[in-house]
Amino acid sequence: MRRPKKYEAGEATQYISRRAALRKLQLSLNDFRRLCILKGVYPREPKHRRRAQKGSSEIKILYHTKDIRFLLHEPIVWTLRDYKIFAKKSGRDRAIKDFRNLKRRLALFPEIKLDHIVKERYPTFIDALKDLDDCLTLLFLFSTFPSLHLIPREQSNLCRRLTIEFLHYVIASKSLRKVFISIKGYYFQAEIKGQKVTWIVPHYYPFKPQSRQEVDFKVMSIFVEFYTIMLGFTNYRLYHGLNMAYPPQFPSSMLQDNEDTLKDETSFVSERIAALNFELLRTDKVQEDEEEPDIDMELLEQDGDSKRIIKMKQEAQEIARLRNLFKGLKFFINREVPREPLVIIIRSFGGKVSWDSSVFSGSTYDESDETITHQIVDRPSLSTQYISRDYIQPQWVFDCVNQRQLLPTNKYFLGEELPPHLSPFVDAKRDTYVPPEEKALHDPSLIETHAQSDDESEEEEAAQNEDDTVDQELLDAQLQRAYQQETAEYKKYGGPDGVNEDEEDADDDFDGEQESDEEEEELDEKTKRLQEEKKKMSVQSGKVHKVNKRQLHKAEVDEHRLQARMVKPRHRNLFRKLIREKQSKEKEEWLLRKKRRNIDKDTKEAKKSAKREAKKAAAAAAAAASQLGAK
């Protein structure tokens, strides 16, 4: 039997370096990187790097050997090799100026087909939906890009068309569930076929080219090349599931890239938004607002866990109400408000939306329409206002969706200080710091304690009453002290006739004391025992037990040290890591609480100073009015 040599088995044979993989596949580094992105093959981190690198201590990029063998049988490898052949032959034709042959070669340019890779990476439709988050986020980002060196105009146009198609499906199926505004952009979460899909729509800013190549657009463009094929298949399945025609037919004036739209970025964006405010054709006559059938509770009652069934029924009823949250409401968006996220949200929940037709295309009704119920404005005031509608700020729409109900509009009027915009993507039962506004959402009894803006006058009155009571107590104490001094002088110097009453009654008091002493001595032992038993049976007021915080902290430290000693040596690094994470969380929570206390303190001081200034102004106005009246 042959004795195995070193590094012929085990971890050394399971990994292969990138340089060896390039030699094995006979590809350049750019082609290998493109192939790995398309096939979903990524570098791996071995458990023992020195063994995997056959004794070498330098850090290399390693791949699984089975992944590289898997790439050997990929048809794309032959297409990438054809690219090299095409580049050499076309370069030769261009050098010898054989343009006839060059034109023939350009017509036979090799194309990569990725359909089989999408089916290979996602065997089922649910698998594709699970991996849709990164796909949508990247395509929404590329749909806003202009034509760059590594991003052709056709690719950004394709991203724009596919994202608009997906948004139309979300609007038609009413599958939007959560929204949030952040610095990165607008977060959206939809529930499609039981899967939660979350993506980000970036804020609209004019594109600014980067002076330094900090972002590798070429690698991102390769990802986009694969994701466009994947989203195209997904949109096809989603549209046919709703009996909608695919690809959707938009009006001829929309999404047509001509010289005017490509030069003007605002018109380019406005056409994309106008396409979202357009009803798509269906292959059947089903109404768009038709609700999904309710859950058959008779079948679910066969299950023993009735609490779970009740919870499912409540969730289904809540989602049914949420799907028609804005049904019957008409919104008008002012020109200063970002329209794209609001159009998506309002139309996804059954509402109607429009904007100024003189500025942007695609509006359905004018501002003068009397049936408008809400006008979304993001400015302090308006010159002309209608009594029949509410003028609100854009945050009202987002907060209504997250709380799944129509909120009162008084906190979102023009010029009002908006309430905190809470994220719906965090866990309500987390161990970290939870803001008081979020606690009030889950526990309505806490609303009064944290919403103190309505009780400012009551607090001031209470403080004023406390000051009055303190003054009254001081006055009473002074009167009591004067009374005690007067009674002491009266006892010392006698009555009104100058005779000391204490001296007259001294003998009588002495005789009375002797008699009382004799009576006390005559008490029986039984009565004394009964009195002692009564004292034991009596209820006494409790005493406050003072907790020594220093002793408690010392006990916790001792317990922690004992736990640290009991940890096995091989688990000590993990134990230290857990302790550091716990300490960092506690420190972060303490800092957030401190920050909140400072904010509350500053707001209270600002409100008090504003009240004080208002009182001074009112007093000055009253004094001026009285002087005018006297004159």
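Counting restarts for each chain: residues are numbered from 1 in the order of the written sequence. Residues qualify for local features only when their pLDDT is at least 70, as the model is predicted, and side-chain atom pairs are given and counted only at 80 or more; totals for whole chains, interfaces and linings, by contrast, use all residues. Note: side-chain values were computed over all heavy atoms of the structure, leaving out hydrogens and water.

Asker: Lay out the overall build of the protein chain with the relevant residues and their values.
Answerer: Each helix and strand counted, the protein chain has 26 helices and nine strands in total. Relative accessibility thresholds used throughout: buried, under 20% of the residue-type maximum; exposed, over 50%; partly exposed, between the two (1.4 Å probe, protein chains only). The 631 residues of the protein chain split such that 31% are buried. Note on contacts: a residue pair qualifies if any of its non-hydrogen atoms lie within 4.5 Å across the two residues. In the protein chain, the proportion of contacts linking residues at least 24 apart, taken out of those at least 6 apart, comes to 63%. Summed over all atoms, the accessible surface of the protein chain reaches about 44000 Å², with 52% contributed by carbon and sulfur. Put simply, DSSP H or I for four residues or longer makes a helix, DSSP E for two residues or longer makes a strand, and each gets a number counted from the N terminus. Working definition of accessibility: Shrake-Rupley area with a 1.4 Å probe, residue cover restricted to the visible protein chains.

Asker: Explain the packing of helix α3 (residues 29–39) against helix α12 (residues 217–241) to me, using residue names and the numbers behind them.
Answerer: Helix-helix packing is described using two parameters, namely the angle between the two axes and the distance between the axes. Axis angles are defined between N-to-C directions and span 0 to 180 degrees, where every axis is a line fitted to C-alpha atoms and, for a helix, only to the segment in contact. Look at α3 against α12: their axes get within 9 Å of each other, and the N-to-C directions meet at 40°. As far as their axial angle goes, α12 and α3 are oblique. For the pair α3 and α12, the crossing hand works out as right-handed. In this structure, α3 contributes Asn30, Arg33, Arg34, Ile37 and Leu38 to the contact, and α12 contributes Lys218, Val219, Ile222, Phe223, Glu225 and Phe226. Asp, Glu, Lys and Arg are counted as charged, while Ala, Val, Leu, Ile, Met, Phe, Trp, Tyr, Cys and Pro are counted as nonpolar; the rest, among them Gly, fall into the polar class. Considering only residue class, the contact of α3 with α12 consists of six nonpolar, one polar and four charged. Note on angle classes: values under 35 degrees are labelled roughly parallel, values over 145 roughly antiparallel, values of 65 to 115 roughly perpendicular, and the remainder oblique. For a crossing to be left-handed, the near helix must be turned anticlockwise from the far one by less than a right angle; the clockwise case is right-handed.

Asker: Any details on the pairing of strand β3 (residues 176–181)? Residues and values, ideally.
Answerer: One ladder, built from five bridges, connects β3 with strand β4 (residues 185–192); its direction is antiparallel. Residue pairing across strands places Ile181 opposite Tyr186, the latter belonging to β4. At least two bridges found by DSSP between two strands are what make those strands a pair. Linkage of β3 to β4, two consecutive antiparallel strands, is achieved through a turn of three residues.

Asker: Would you mind going over the sheet that holds β4 in detail, with residue names and values included?
Answerer: Ordered by their spatial adjacency, three strands build an open sheet running β3-β4-β5, and the pairing between neighbours is antiparallel. Each edge of the sheet is formed by a strand with only one pairing partner; in this case those strands are β3 and β5 (195–202). This sheet shows a mean twist of 15° between the axes of neighbouring strands, independent of strand direction.

Asker: If you had to explain the packing of helix α17 (residues 339–348) against helix α18 (residues 395–403) to someone new, which residues and values would you point to?
Answerer: It is at 10 Å that the axes of α17 and α18 come closest, and there the two elements cross at 40°. Our classification of the angle between α17 and α18 gives oblique. Considering how the two elements wind past one another, α17 and α18 form a crossing that is left-handed. Between α17, through Pro341, Leu342, Ile345 and Ile346, and α18, the contact on the second element is made entirely by Val397, Phe398 and Val401. Broken down by class, the residue content of the contact of α17 with α18 amounts to seven nonpolar, no polar and no charged.

Asker: Which residues make up the sheet that holds strand β8 (residues 374–376), and what are the values?
Answerer: Across the sheet, which stays open at both edges, the four strands sit in the order β7-β6-β8-β9 with parallel pairing between neighbours. The open sheet has two edge strands with one neighbour each: β7 (352–355) and β9 (390–392). On average, each strand axis in the sheet is tilted by 25° relative to the strand beside it, whichever way the strands run. Strand direction decides the pairing type here: β8 and β9, joined by three bridges, are parallel. Its bridge partner lying in β9, His374 is registered against Asp390. Against the sheet, α17 touches β6 (330–333), β7 and β8, its axis set at about 155° to β7.

Asker: Account for the state of the cysteines, naming residues and giving values.
Answerer: A disulfide bridge is the covalent bond that connects two cysteines by way of their sulfur atoms. The criterion for a disulfide is a pair of cysteine sulfur atoms lying within 2.5 Å. For the coordinates displayed, the defined rule picks out zero disulfides. The thiol of Cys135 is unpaired, and the distance to the nearest cysteine sulfur, on Cys159, comes to 8.9 Å.

Asker: Got a sec to walk through unusual backbone geometry? Specific residues and values, please.
Answerer: Note: most residues except glycine have negative phi, and most peptide bonds are trans. Of note, the amide linkage connecting Tyr246 to Pro247 takes the cis form, showing an omega dihedral of 0°. Relative to the helices and strands, Pro247 resides in the loop between α12 and α13 (259–263). Of note in this structure, Lys174 is not a glycine but carries a positive phi near 55°. Look at Lys174 and you get buried, because its relative accessible area is 5%. Positive phi is not limited to glycine here, since Arg404 has a value of about 60°. As for its placement among the helices and strands, Arg404 is situated in the loop between α18 and α19 (436–442).

Asker: Give a detailed account of the environment of Glu279, specifying residues and quantitative values.
Answerer: As for its position among the elements, Glu279 is in the loop between α14 (265–276) and α15 (297–300). The class for Glu279 is partly exposed, based on a relative accessible area of 47%. For Glu279 and Ala172, which are 107 residues apart along the polypeptide, the C-alpha to C-alpha distance reads 8.8 Å.

Asker: Describe in detail the side chain of Arg105, supporting the description with residues and values.
Answerer: Relative to the assigned elements, Arg105 resides in helix α7 (residues 99–107). Arg105 has contacts with Phe86, Lys89, Ser90 and Asp93, leaving out every residue within four places of it along the chain.

Purely spatial values, then, with no claim about function.
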